[in-house]
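# Results of the structural survey
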Amino acid sequence: MKKIKIVTLALLLGYTGFAQESQQSEVSLTLPKVSYIDSLKATFVNHSTSNCIDQRWLEELSNDDLYEEMFSDINTVDIDSVVDYELSTDLLKSRLKKLNAKTPFVIDYNPALENVIKSYLKNRKASFERLMAISEYYFPMFEEHLSKYDVPLEIKYLAIVESALNPKARSRVGATGLWQFMYPTGKQFNLEVTSYVDERYDPLQATEAACQYLSSLYNIFGDWSLVLASYNAGPGNVSKAIRRSGGSQNYWNIRRNLPRETANYVPAFLATLYIYEFQKEHGLQPKKAPVTYFETDTIKVKKQLSFQQVSDLLDISVEEIKFLNPIYKLDIIPYNEEKPRFLRLPKNKLGVFVSNEEKIYAYVDYVDAKKEQPISYASSSKTSSSSSNSSVQYHKIRRGESLGLIAQKYNVSISSLRSWNHIRGNNIQAGKTLKIYSSSKSSSSSSRNTSNSGTYTVKSGDSLYTIAKKFPGVSVDNIKKWNDISGNNIQPGMKLKIKG
């Protein structure tokens, strides 16, 4: 008999386990909800013409350490100190002579130049190998613009000396971008700076402006070494150095009368030019760039777009969008009919954007429609403050308080608080005072929470303090005493006696 009972129990348990397993299997077959953006992307026409920028390569392109190294060398290294490195002076003179013959720059041997070249070869070989890979990304674009303005193609090395090819480089005095434009010079060459954009960061526009600026400087000095010096120190400082040197217009003769940074600047450029031209002879082995600037392209935007929206729609990281579009300061591409703005993307992602443009902007409209709309302050204050049945209170913001807590305390909406106090967003500052309007309606609604029997039903979010505030003349201690409460713990649904 016991055996029969045990077998029956085992069968029942097995059936129950099977039923549970079947039920769990059914639950697991439930399809997840598909979001609007996922369903939209499923309809996109796709292209595959090039890859996105690899994360490691992206980090290298936007590095800061190479810029800091270059800045430190130009500003702190004593280029008149002899450097111990195995490169004979005679061989160097021979190579500089060859270089001089094929470039419009005057490249004469000078002991200071020899010291800079040897210092770079001794201490910065690895850095130059990295720079040579990055330059493959930018140099084709630089050369296209330089040839357009008949500026020597060797000027492309100037961007290495200026920014170490970091498009987001910013000096301690505010010079910005690949070509390190100061604000006044950028404005002089039509580089716009607003709250949304800074065109000094844009590689194309900044390169165009640099070509124009360098051409204008050559028209003044007629010597490319003096052009480089004036690009760094300003034409006024170079003119003063020429006068102080008795009218000499050879860079090496006026160098001692230039600011220290400029005195090191031209040798740094010439040393960079030498190392690039004789990289094989010195055993430099640069890596190849996996992608170039020409493997990206632009499209004119037709509505305001955020980087996050582009990232979500095209499955491209925000970091890559930032790198390709350094001009935009707030990660937003503004829209203005009078001033077109452009989005730069890898060509494969640009293909997806172009093929699905209408859907993309429809999604942007959908997101915008879901945003909280502003309440007219005029209408709000008219209904609240001008009514004979309304009154105003003032609340001093305490540390740790939020708009939500304050709105709950006074039984008003967060949007009303924003409207009454001209607040955008949710940020408030401790110590500031907020205006809070209350009306007879809100008072009567509070009183309706108290029944005829003199009780109040605790709601979610209530505290003894907020409840006491609802009833004039009633304190927290009163409520504690009337309801035999020792601490401050109350629960939603509790009925409190209110005798006030």
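Residues numbered from 1 in each chain as written. Predicted model: local features only at pLDDT ≥ 70, side-chain atom pairs only at ≥ 80, totals over all residues. Heavy atoms only, no water.

## Section: the pattern of salt bridges
Put simply, the rule is: Every case where a carboxyl oxygen of Asp or Glu lies within 4 Å of a side-chain nitrogen of Lys or Arg is listed as a salt bridge. Helix and strand assignments follow DSSP, with helices taken as H or I runs no shorter than four residues and strands as E runs no shorter than two, numbered in order from the N terminus. A simple rule labels every residue: compare its accessible area, found with a 1.4 Å probe on the protein chains alone, to the largest value its type can have, and call it buried under 20%, exposed over 50%, or partly exposed in between.
Applying the stated criterion to the full structure yields 20 salt bridges. For E68, the salt bridge goes to R172, with nearest N and O atoms at 3.6 Å. Placement of the pair is E68 in helix α4 (residues 65–76) and R172 in the loop between α8 (158–163) and α9 (183–188), with a sequence separation of 104 residues. Taking relative accessible area as the criterion, E68 reaches 38% and is therefore assigned partly exposed. Residue classification places R172 among the exposed residues on the basis of a relative accessible area of 62%. The salt bridge partner of E199 is R341, with a shortest N-O separation of 3.0 Å. Note that E199 is positioned in the loop between α9 and α10 (203–221) and R341 in the loop between β3 (332–333) and β4 (342–346), a separation of 142 residues in sequence. The buried category is assigned to E199, whose relative accessible area is 1%.

## Points about the packing of aromatic side chains
Cut-off, in case you're wondering: Stacked, edge-to-face and tilted are the three classes for Phe, Tyr and Trp ring pairs, Trp counted by its six-membered ring, which pair at centre distances within 6.5 Å; planes under 30 degrees apart are stacked, over 60 edge-to-face, the rest tilted.
Counted by the stated rule, this structure contains 25 aromatic pairs. Ring centres 6.0 Å apart and planes at 50 degrees place the aromatic pair Y137 and F323 in the tilted group. Remark: F323 occurs in helix α16 (residues 318–324) and Y137 occurs in helix α7 (residues 125–148); sequence separation between them is 186 residues. When sorted by exposure, Y137 lands in the same class as F323, which is buried. With a centroid separation of 5.2 Å and 50 degrees between ring planes, the pair formed by F189 and Y213 is classed as tilted. Placement of F189 in the loop between α9 and α10 and of Y213 in helix α10 is noted, with a sequence separation of 24 residues between them. Among the residues examined, F189 registers a relative accessible area of 12% and is labelled buried. The exposure class of Y213 is buried, given its relative accessible area of 11%. These aromatic residues form a ring-pair network of at least three members: Y137, Y138, F139, F142, Y157, W179, Y276, Y293 and F323.

## Describing unusual backbone geometry
A positive phi angle, near 55 degrees, is found at A164, a position not held by glycine. For A164, the location among the structural elements is in the loop between α8 and α9. In this structure A164 comes out as buried when scored by relative accessible area, which is 0%.

## Some details on the nonpolar core
Quick note on the threshold: We call a set of buried residues a nonpolar core when its members are Ala, Val, Leu, Ile, Met, Phe, Trp, Tyr or Cys and they connect through side-chain atoms within 4.5 Å of each other. The contact criterion used is simple: two residues touch if any of their non-hydrogen atoms lie within 4.5 Å.
In this structure, Y138, F142, I155, W179 and Y231 are the most contacted members of the largest nonpolar core, which totals 84 residues. Here the element with the most residues in this core is α7; it accounts for eleven residues. Once residues lying within four places of it in the same chain are set aside, the contact partners of I155 are F105, L146, W179, L214, W224, L228 and F269. Listed in part, the 26 residues of the second largest apolar core include L40, L305, L313 and L350.

## A word on the packing of helix α11 (residues 224–233) against helix α14 (residues 260–277)
Heads up, the condition is: Helix axes are fitted only over the stretch in contact, all axes being lines through C-alpha atoms; the angle between N-to-C directions runs from 0 to 180 degrees. Here the angle decides the label: under 35 degrees means roughly parallel, over 145 means roughly antiparallel, 65 to 115 means roughly perpendicular, and every other value means oblique. Put simply, a crossing is left-handed when the front helix is turned counterclockwise from the back one by less than a right angle, and right-handed when it is turned clockwise. Only Asp, Glu, Lys and Arg are considered charged in this grouping, and only Ala, Val, Leu, Ile, Met, Phe, Trp, Tyr, Cys and Pro are considered nonpolar; every other residue, Gly among them, is considered polar.
Running from N to C, α11 and α14 cross one another at 130 degrees; their axes reach a closest spacing of 9 Å. The orientation of α11 relative to α14 falls into the category oblique. Of the two elements, α11 crosses α14, and the hand of that crossing is right-handed. Mapping the contact onto sequence places S225, L228, A229, Y231, N232 and A233 in α11 and E261, T262, Y265, V266 and F269 in α14. Considering only residue class, the contact of α11 with α14 consists of seven nonpolar, three polar and one charged.

## Digging into the confidence of the model for the protein chain
Our working rule: Confidence of the prediction at every residue is given by pLDDT, a number between 0 and 100.
Taken as a whole, the protein chain shows an average pLDDT of 82; of its residues, 83% reach a score of 70 or greater. Within the protein chain, the lowest mean pLDDT, 42, falls on helix α1 (residues 2–28), and the highest, 96, falls on α10. Here residues 376–389 is a poorly scored stretch, pLDDT under 50, and it has 19 contacts once near neighbours within four places are set aside; other chains count.

## Some details on helix α20 (residues 403–410)
The test is simple: The directions considered for the arc run from the helix axis to the C-beta atoms.
Those residues of α20 lying buried are L403, I406, A407, K409 and Y410. Buried residues along α20 cover an arc of 160 degrees about the axis, so they all sit on one side. Looking one or two residues beyond α20, the residue adopting positive phi is N411, at roughly 60 degrees.

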